[in-house]
Amino acid sequence: MMYDYLIVGAGIFGAVCARELTDAGKKCLVIDQRNHIAGNIYTENIEGISVHKYGAHIFHTNIKPVWDYLNRFTEFNNYVNSPVANFHGKLYNLPFNMNTFYQLWGVITPEQALAKLEEQRVHFDEPKNLEEQALSLAGRDIYETLIKEYTEKQWGRKCTELPAFIIKRLPFRFRFDNNYFNDRYQGIPVGGYTAMIEKILDGVEVKLNTKFVKGEIPAKKIIYTGPVDGYFDYKIGELEYRSLKFENETLDCENYQGNAVVNYTSHDEPFTRIIEHKHFEFGTSPKTVVTREYSATWSKGDEPYYPVNDEKNNTLYAKYEELAKQESNVIFGGRLGQYRYFDMDKVTELALELTKREI
Ligand code: FAD
């Protein structure tokens, strides 16, 4: 059987491509090396709770066509992300807003908060590293309570050894508003992300536990959403990632921490955050599932999470991009194919644009 399209990867990028091309009358096959669909947004049902297996995912967007498109396949609940930070056992609201300023300094008006922030800021003519950058933008209290040790856990390096550009700006909100994202549309698919992808892939042929091998499955075109360096057998080098490790625990308690996301911003705990999945869906199960999330260095074979888009890796990626252009009938897409961090809405938009061009 000759397929019109072989789609490598059953994540959201591959699934949206498959849906659109199938609806346009193309014969598609989706393969994935994992034993499940949905890629990194996969949710697994444990004790009636949708557990985000590759890290917590909150859908948020300002792109109305993408919102409308995905609403064809799922209903989104009205979850609004409002994380809390725990520093030495004291809690602070995020993102930085009037609630945080009150908790830090007892200030109650925006004017008082602004004045306090100005007083706290440290002037540097040219911040040389992340510490100096954060001190100049946020001042000492916010830096030491909510940024320093959390960032060091995330990167595995001291803030004085990290480049200033990692923090370009820090948004401060002079309202009592804990809604983390500014986007107009936000929520979690009712029933989980896997159910949404299942719906998108309805009627599409999918083969799981199938690693892509060049030339094995006959197809006129390939849409490849795996790592671009892997496609070329790493022949000019390996692209680097930051990885994560997850420790899941099912607890015999109804409500462990009262919030879906609690960041741990001190070195007291080795993990960066604890996710309590049931709160993403206002769950009522008598049990709960929590995940401790650890930042980890990546080596080949580990799950690639965040591309490291520094100069060295971007230069290498540019070379792979050149090779990719010469690869006739293969289109590289998605977060691994394009070696870029994309939120789910952007990935969906890119897949829709690609398939529009193809059809
Ligand atoms: P993936 O989901 O990675 O799918 C690629 C698939 O290809 C995988 O299933 C893989 O197994 C398969 N594959 C790879 N190579 C091969 C091969 N050789 N053969 C066969 N199959 C192969 N976005 C948001 O909008 N909100 C969030 O809150 C959010 N949180 C995130 C948290 C974390 C920790 C991370 C890392 C990302 C987060 N994202 C979030 C981004 C989101 O995960 C991505 O936008 C999305 O997963 C990208 O989908 P994709 O289809 O491009 O890639």
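One can find the structure itself at the top, above this paragraph.
From a predicted model like this one, the values you see are computed outputs, not experimental measurements.

A word on the environment of Val228. Secondary-structure assignment places Val228 in helix H7 (residues 228-231). Assessed through its relative accessible area of 1%, Val228 is described here as buried. When the C-alpha positions of Val228 and Phe332 are compared, they lie 7.2 Å apart, and in sequence the two are 104 residues distant. Dropping the residues within four chain positions of it, Val228 is found in contact with Leu239, Tyr317, Tyr320, Phe332, Leu336 and Gly337.

Okay, the packing of aromatic side chains next. This model, assessed by the stated rule, comprises 27 aromatic pairs. A centroid spacing of 5.8 Å and a plane angle of 25 degrees characterise the contact between Phe232 and Phe332, whose relative ring orientation is stacked. Of this pair, Phe232 sits in the loop between H7 and strand E11 (241-251) while Phe332 sits in strand E16 (residues 330-332); the two residues are 100 residues apart in sequence, bridging distant segments of the chain. Grouping residues by exposure puts Phe232 and Phe332 together as buried. With a centroid separation of 5.8 Å and 85 degrees between ring planes, the pair formed by Phe246 and Tyr305 is classed as edge-to-face. On the criterion of sequence distance, the pair formed by Phe246 in strand E11 and Tyr305 in the loop between strand E14 (288-297) and strand E15 (306-307) is long-range, its members being 59 residues apart. For Tyr305, a relative accessible area of 10% puts it in the buried group. These aromatic residues form a ring-pair network of at least three members: Phe212, Tyr224, Tyr231, Phe232, Tyr320 and Phe332.

This part is about helix H10 (residues 344-358). Compared with the 21 Å implied by 1.5 Å per residue over 15 residues, the 21 Å span of H10 between its first and last C-alpha is a close match. Burial in H10 covers these residues: Met344, Asp345, Val347, Thr348, Leu350, Ala351, Leu352, Leu354 and Thr355. On the buried face of H10, the contacting elements are helix H1 (12-23), strand E5 (59-61), helix H2 (64-70), helix H6 (193-200), strand E10 (219-224) and E16.

For an α-helix, 3.6 residues make a turn, and residues three or four places apart therefore share a direction. Within the sequence span of H6, burial applies to Tyr193, Thr194, Met196, Ile197 and Ile200. The buried residues of H6 occupy an angular sector of 160 degrees when the element is viewed end-on, so they sit on one face.

We now examine the side chain of Gln133. Within the secondary structure, Gln133 sits in helix H5 (residues 130-155). Aside from chain neighbours lying at most four places away, what touches Gln133 is Pro127, Ala164, Ile167 and Lys168.

This part is about the packing of helix H3 (residues 98-105) against H5. Two elements in contact, H3 and H5, have axes whose closest approach is 11 Å; the angle formed by their N-to-C orientations is 100 degrees. When the axis of H3 is compared with that of H5, the two are roughly perpendicular. Of the residues in H5, those touching H3 at Thr100, Phe101, Leu104 and Trp105 are Asp141, Ile142, Thr145 and Leu146. Across the contact of H3 with H5, the residue classes tally to 5 nonpolar, 2 polar and 1 charged.

For the rest of this paragraph, the subject is the site of the ligand. As a structural note, the neighbourhood of the ligand is formed by 32 residues, with Asp32, His57, Arg335, Phe342 and Met344 the closest of them. The contact in question runs from an oxygen atom of the ligand to an N or O atom on the backbone of Ile58, over 2.8 Å. Expressed as a share of its isolated accessible area of 1,000 Å², the protein-covered part of the ligand is 96%. Only H1, helix H9 (334-337) and H10 provide two or more residues apiece to the shell around the ligand. A breakdown of the residues in the shell around the ligand according to their chemical character gives 17 nonpolar, 10 polar and 5 charged.

Under the criterion given, the structure shown has 21 salt bridges. The salt bridge involving Lys325 is made with Glu322; its shortest N-O contact spans 3.1 Å. Highlighted residues: Lys325 and Glu322, both in helix H8 (residues 311-326), separated by 3 residues, approximately one helical turn. Look at Glu322 and you get partly exposed, because its relative accessible area is 42%. Through salt bridges with shared partners, one network takes in Arg173, Arg175 and Asp177.

What counts and what doesn't
- Residues numbered from 1 in each chain as written.
- Predicted model: local features only at pLDDT ≥ 70, side-chain atom pairs only at ≥ 80, totals over all residues.
- Heavy atoms only, no water.
- Helix = DSSP H or I, 4+ residues; strand = E, 2+ residues; numbered from the N terminus.
- Buried < 20%, exposed > 50% of the residue type's maximum accessible area, 1.4 Å probe, protein only.
- Contact = heavy atoms within 4.5 Å.
- Phe/Tyr/Trp six-rings, centres within 6.5 Å; stacked < 30°, edge-to-face > 60°.
- Expected span 1.5 Å × (residues − 1).
- Arc of directions from axis to C-beta.
- Axes fitted to C-alpha atoms, helices over the stretch in contact; angles between N-to-C directions.
- Parallel < 35°, antiparallel > 145°, perpendicular 65-115°, else oblique.
- Nonpolar A, V, L, I, M, F, W, Y, C, P; charged D, E, K, R; others polar.
- Near = heavy atom within 4 Å.
- Polar contact = N/O pair within 3.5 Å; in protein donor to acceptor, adjacent residues only side chain to side chain.
- Areas by Shrake-Rupley, 256 points an atom, 1.4 Å probe, with all protein chains shown as cover.
- Salt bridge = Lys/Arg side-chain N within 4 Å of Asp/Glu carboxyl O.

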